[in-house]
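# Commentary on secondary and tertiary structure
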Amino acid sequence: MKARHDPLSHTSHNGGRRPRIVLVLGGGGMRGMAHIGVLRAMRKLGLTADAIVGTSIGSLIGAATAGGRSIEEIEGLIGELHKGDYFRLNTLKFLLQGVRAPSLFQGERFRQRLEEILPRKSFRELTTPFYCNAVRLETAGAVFWGVRGFDDLSLVDAVYSSCALPGIFEPFEKDGYSYMDGGIVDSVPLRFAKTLSPDVIIAVDLSVKAHFKPPAYKNRVLNTMLRAFEIAQDVLVEQALHMHVDYRTALLQPKVAHLSRFDFNDVPDIVRRGEEEALRVLTSHAATRDLVRCDPADELACPVVARDYVNVRIDPAACIGCGMCEAVCETDAFVAGPERASVRKPRNYECTRDHACARNCPTGAITLGNL
């Protein structure tokens, strides 16, 4: 779907043209509180999004931002979410319908919280152009609310549909179709963001990567459903990063993958991790480092280094020569030998930071650095 946008006139402080920035906020449940930290960092650095694209929790924070909520308001409102807002069993429907019930939990409680968080504005009234995605179950096609022809619904309905995890909440119904979480097919919608004709894309990826410690898996039906969803999501994100990350894309990957999708503990720490990641990347990435207006190096726990490459290493003692690294790496960073693989690009400037090699290495022989 080709997105429509109205060209904006951007002027920098010195009278020149300011690059047009599109902000992409990915899905990831409560890990999405890191998006608030990203917004803090952008404000500190003087970077302004000219359009926002959100998926799932990213749609919630994106819609609130585009609607004019302050960062402090968003943090306060979303920080008050708790498990009761998500997980209230559909007891009556289960009693009446059994396995024919549309979802495990009630979506109405969550919808009520959205009405409290989001401004009562239409898409056309938003301070910043905003788009969020959902999947139409009947056709398996994706839609982006906010584009022409799909901007005639409330922000609450749009965000609910983008957040409605399959089997967890009831689908959003509109015009005879059922819509659910956009992260099912596109958790970091870079391809759509490119249709908005940006000069720079700032994208936040919250998917679980093997490089970072994943949340503990528990052998329970809900945990199994969510873990299966996240595994599929990771693979799709890998493909999206392979295809669409380029020199114009500043990719942020806050270190929050150790948290479960519905971990409501220590929200300030999640926000801090998002802010630190954004400050490090945006001040060092080639697409953004010349746009920032201040140097926050003193505020960071780790030194800022150039983020244009990824360090790639293989432990020869752990490598078994299976060749998976060469099979999944789209940038030819590895060569599979008869006994073990070797690294062709110890500093891989083409790496899209998708973590596919590390995630698929069965022995954990691959380590990535400068992430």
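Reference entry: report on the structure contained in this document. Note that the structure is predicted; figures quoted are calculated from it, not measured.

The number of helices and strands found in the chain is twelve helices and 13 strands. Relative to all contacts within the chain whose residues are 6 or more apart in sequence, the contacts with residues 24 or more apart total 73%.

Our focus in this paragraph is the packing of helix 1 (residues 34–45) against helix 10 (residues 267–282). Two elements in contact, helix 1 and helix 10, have axes separated by 6 Å at closest approach and are oriented at 45°. As judged from the angle between their axes, helix 1 and helix 10 are oblique. Where helix 1 crosses over helix 10, the handedness of that crossing is right-handed. In this structure, helix 1 uses Ala34, Ile36, Gly37, Val38, Arg40, Ala41, Met42, Lys44 and Leu45 to contact helix 10, whose residues at the interface are Ile270, Val271, Gly274, Glu275, Ala278, Leu279 and Leu282.

With that out of the way, let us pick up the pattern of salt bridges. Enumeration over the complete set of coordinates arrives at 20 salt bridges. Two residues, Glu73 and Arg69, come together in a salt bridge whose shortest N-O distance is 4.0 Å. We classify Arg69 as partly exposed; its relative accessible area is 24%. Between Arg113 and Glu116 there is a salt bridge; the shortest N-O distance is 2.3 Å. Taken together, the residues Arg113 and Glu116, both in helix 6 (residues 108–117) and three residues apart, mark about one turn of the helix. Arg113 gets classed as buried once you look at its relative accessible area, which sits at 7%. Given a relative accessible area of 46%, Glu116 falls into the partly exposed group.

As for its placement among the helices and strands, Ala49 is situated in the loop between helix 1 and strand 2 (51–54). In this structure Ala49 comes out as buried when scored by relative accessible area, which is 14%. Non-local contacts of Ala49, meaning those with residues more than four positions away in its chain, are made with Ile21, Leu23, Met42 and Thr128.

Now for helix 1. Residues separated by three or four positions in an α-helix point in the same direction, a consequence of the helix having 3.6 residues per turn. Here helix 1 spans 17 Å end to end across twelve residues, near enough to the 16 Å set by a 1.5 Å rise per residue. Most of helix 1 is tucked away, with nine of its twelve residues classed as buried. For helix 1, every residue scored as buried is listed here: Ala34, His35, Ile36, Gly37, Val38, Leu39, Ala41, Met42 and Leu45. Contact partners of the buried residues in helix 1: strand 1 (21–25), helix 2 (57–66), helix 3 (71–79), strand 7 (200–204), strand 8 (249–252) and helix 10. A positive phi of about 80° marks Gly46, the residue just after helix 1.

So, on to the side chain of Ser161. Within the secondary structure, Ser161 is located in helix 7 (residues 155–163). Residue class for Ser161 comes out buried when judged on its relative accessible area of 0%. A distance of 2.8 Å separates the side chain of Ser161 from the side chain of Trp145, its partner in a polar contact.

Counted according to the given criterion, the structure contains eleven aromatic pairs. When the ring of Trp145 is compared with that of Phe172, the centres are 6.3 Å apart and the planes differ by 85°; the resulting orientation is edge-to-face. Taken as a pair, Trp145 in strand 4 (residues 141–145) and Phe172 in strand 5 (residues 172–174) lie far apart in primary sequence, 27 residues in all. With relative accessibility at 0%, the residue Trp145 sits in the buried group. Clustering of aromatic rings is evident, with ring pairs tying together Trp145, Phe150, Phe172 and Tyr179. Here Arg136 stacks its cationic end above the ring of Tyr177, 3.8 Å away from the centre of that ring.

Reading guide: rules and limits
- Residues numbered from 1 in each chain as written.
- Predicted model: local features only at pLDDT ≥ 70, side-chain atom pairs only at ≥ 80, totals over all residues.
- Heavy atoms only, no water.
- Helix = DSSP H or I, 4+ residues; strand = E, 2+ residues; numbered from the N terminus.
- Contact = heavy atoms within 4.5 Å.
- Axes fitted to C-alpha atoms, helices over the stretch in contact; angles between N-to-C directions.
- Parallel < 35°, antiparallel > 145°, perpendicular 65-115°, else oblique.
- Left-handed = near helix turned anticlockwise from the far one by under 90°.
- Salt bridge = Lys/Arg side-chain N within 4 Å of Asp/Glu carboxyl O.
- Buried < 20%, exposed > 50% of the residue type's maximum accessible area, 1.4 Å probe, protein only.
- Expected span 1.5 Å × (residues − 1).
- Polar contact = N/O pair within 3.5 Å; in protein donor to acceptor, adjacent residues only side chain to side chain.
- Phe/Tyr/Trp six-rings, centres within 6.5 Å; stacked < 30°, edge-to-face > 60°.
- Lys NZ or Arg CZ within 6 Å of the ring centre and 35° of its normal.

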